[in-house]
Amino acid sequence: MKIRNWIESLFGGQVPVNSSSPVHAQGDQDFPARVDFKAGIAAYAERDYARAIEYFGRVLDKRHDDADAHNNLGLSYLAVGRIEDAADEFVLAVHFRPGFAQAFYNLALAQIKRRQFVEATACLERALEMKHGYAAAHNALGYIFIHHSGRFEQGAEHIRRALELEPGDPDTLCNYTAVLTREGRLDEAIDVCERLLKSHPDMHEVRLNRGLAYLRLGRFGEGWIDYEARKLAGGNFRARTLDLPDWQGEPLTEGKLLIYAEQGIGDQIMFGSCIPQAMRRAACIVECAPELKALFERSFGPSQVVVEMDDAALLTQASGAGARFKIDRKSTRLNSSHTDISRMPSSA
């Protein structure tokens, strides 16, 4: 699944807010609520989420049991990162309308964001009970099964079902490339990725998936370049605020190169095998997890190794030790000639 995500892709597949106000048998006294509802729809469409929140709140001041307004308010909260508030609104939406499949789906999105995958699975299954041909719910459920439940076959089945329902959906196609890669159908995965990138060149998750397929094929020059897309794909990559220029691979005659850690211990060990290439071109300072300190000191020398710390402390220590440039351990400039890969990165 796309790491736009595989999680971001889910948010990209949000159910559009209803563009028509629900019908109530209250006559003209309902007119102000309908006006605010339509204003909320317009604000949401313009991505003015603060105004959308205000307008849908006004609707609920007049009609507290309006399930559509609760759902749309939840989507507006979700768009600005107020996940708990969004979840509360989706719960109210399904309370006032128990058969509201879209609200169950949206509640699942909030739960995925909170990493509550069991609860998200239950909501998606409820949504599919109510709406069997719900492609977005199949896609989201496939993601959870594959990446958080260890149920690859079931997850792949759901993603294929989503493709049957919406063959051209880019999010589902992106997720399908991950399925093809996992199944070893690497040329097919690359072909789908390339077709998607022609029409959606900014889908970083697709570029990342193509990179993973290239790497499995041993096409390292192409694979490591695409793998840089992990920095934009919204997955496990954590941007660091280290005020040093990025190293471009040139020999350093002055100062040192800070090689900072990325992701977990397993990835640090694997990509640690690339560090000697950098050390041949520059004096290096290597950041690592505390558990790896002794191993890295034996490998690279005790004066070269620092344990993981917050960005400000790392920058202070590295700069004091003479660091003038930085690079992450998974950079193309370290790995472009690296061909001894024992396993693929677990995630982007």
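(A) Fine view of the overall build of the protein chain. Counting secondary structure elements, the protein chain contains 18 helices and four strands. Going through the 348 residues of the protein chain one by one, you find that 52% of them count as buried. Of all intrachain contacts in the protein chain linking residues separated by at least 6 positions in sequence, the fraction that spans at least 24 positions is 61%. Entry remark: accessible area of the protein chain is about 15,800 Å², with carbon and sulfur atoms responsible for 50%.

(B) Quick look at the packing of aromatic side chains. On inspection of all chains with the given rule, the structure shows six aromatic pairs. Arranged with centres 5.7 Å apart and planes meeting at 75°, the rings of Phe37 and Phe56 form a pair that is edge-to-face. Here the residue Phe37 occupies a position in helix 2 (residues 31–45), and Phe56 occupies one in helix 3 (residues 49–62), the gap between them amounting to 19 residues. Clustering of aromatic rings is evident, with ring pairs tying together Trp224, Tyr227 and Phe271.

(C) Molecular detail of the sheet that holds strand 1 (residues 256–260). Taken in spatial order, the four strands line up as 3-2-1-4 in an open sheet, and their pairing is parallel. The open sheet has two edge strands with one neighbour each: strand 3 (305–307) and strand 4 (323–328). Between one strand axis and the next, the sheet turns by 25° as a mean value, whatever way the strands run. In this sheet, strand 2 (residues 284–288) lies alongside strand 1 in parallel orientation, the contact comprising three bridges. Each residue of the ladder has a partner; that of Leu257, found in strand 2, is Cys284. Running over the sheet, helix 16 (residues 293–300) touches strand 2 and strand 3 and is turned about 170° from strand 3.

(D) Local environment of the pairing of strand 2. Most of strand 2 is tucked away: five of the five residues are buried. Going residue by residue along strand 2, you find Cys284, Val286 and Cys288 tucked away on one face and Ile285 and Glu287 tucked away on the opposite face as well. Bridge count between strand 2 and strand 3: three bridges; the pairing is parallel. Considered in strand 3, the bridge of Val286 is made with Val305. In terms of handedness, the path from strand 2 via helix 16 over to strand 3 forms a crossover that is right-handed.

(E) Region of interest: the confidence of the model for the protein chain. Per-residue pLDDT for the protein chain averages 84, and the proportion of residues at 70 or more is 85%. Here helix 1 (residues 8–12) stands out as the element of the protein chain with the lowest mean pLDDT, 41, in contrast to helix 5 (residues 83–96), whose mean of 97 is the highest. Counting contacts from residues 1–13, a segment whose pLDDT is below 50, to residues more than four positions away or on other chains yields 59 contacts. Confidence over residues 332–348 falls short of pLDDT 50; this stretch has 55 contacts with residues more than four positions distant or in other chains.

(F) Structural context of the nonpolar core. Counting residues in hydrophobic clusters, the biggest one holds 47 residues, and the most contacted among them are Leu78, Phe90, Tyr105, Leu124, Tyr134 and Ile144. Elements supplying a minimum of two residues to this core: helix 2, helix 3, helix 4 (67–79), helix 5, helix 6 (101–113), helix 7 (117–130) and helix 8 (135–148). No other element matches the nine residues that helix 6 contributes to this core. Non-local contacts of Leu124, meaning those with residues more than four positions away in its chain, are made with Tyr105, Ala108, Ala137, Ala140, Leu141 and Ile144. Listed in part, the 17 residues of the second largest apolar core include Ile146, Leu163, Val192 and Val206.

(G) Region of the structure containing a nonpolar patch on the surface. There is a patch of nonpolar side chains on the surface, built from Ile265, Ile269 and Leu295 and spanning about 220 Å² of accessible area. With respect to the helices and strands, Ile269 occurs in helix 14 (residues 265–272). What makes Ile269 partly exposed here is its relative accessible area of 43%.

(H) Helix 3, seen in detail. With 14 residues, helix 3 extends 20 Å from end C-alpha to end C-alpha; this agrees with the ideal 20 Å at 1.5 Å per step. Listing the buried residues of helix 3 in full gives Tyr49, Ala52, Ile53, Tyr55, Phe56, Val59 and Leu60. Residues of helix 3 that are buried sit in contact with helix 2, helix 4 and helix 5.

(I) Molecular detail of unusual backbone geometry. Located in the positive-phi region is Arg47, a residue other than glycine, with phi close to 65°. By the element assignment, Arg47 lies in the loop between helix 2 and helix 3. At Arg115, a residue that is not glycine, the phi angle is positive and equals roughly 60°. Secondary-structure assignment places Arg115 in the loop between helix 6 and helix 7. Judged by its relative accessible area of 53%, Arg115 is exposed.

The rules behind the values
Residues numbered from 1 in each chain as written. Predicted model: local features only at pLDDT ≥ 70, side-chain atom pairs only at ≥ 80, totals over all residues. Heavy atoms only, no water. Helix = DSSP H or I, 4+ residues; strand = E, 2+ residues; numbered from the N terminus. Buried < 20%, exposed > 50% of the residue type's maximum accessible area, 1.4 Å probe, protein only. Contact = heavy atoms within 4.5 Å. Areas by Shrake-Rupley, 256 points an atom, 1.4 Å probe, with all protein chains shown as cover. Phe/Tyr/Trp six-rings, centres within 6.5 Å; stacked < 30°, edge-to-face > 60°. Pairing = 2+ DSSP bridges. Axes fitted to C-alpha atoms, helices over the stretch in contact; angles between N-to-C directions. Right-handed = clockwise from strand over helix to strand, strands pointing away. pLDDT = per-residue confidence, 0-100. Core = buried A, V, L, I, M, F, W, Y, C linked by side-chain atoms within 4.5 Å. Patch = residues over 30% accessible without salt bridge, like charges linked within 9 Å, V, L, I, M, F, W, Y side chains within 5 Å. Salt bridge = Lys/Arg side-chain N within 4 Å of Asp/Glu carboxyl O. Expected span 1.5 Å × (residues − 1).

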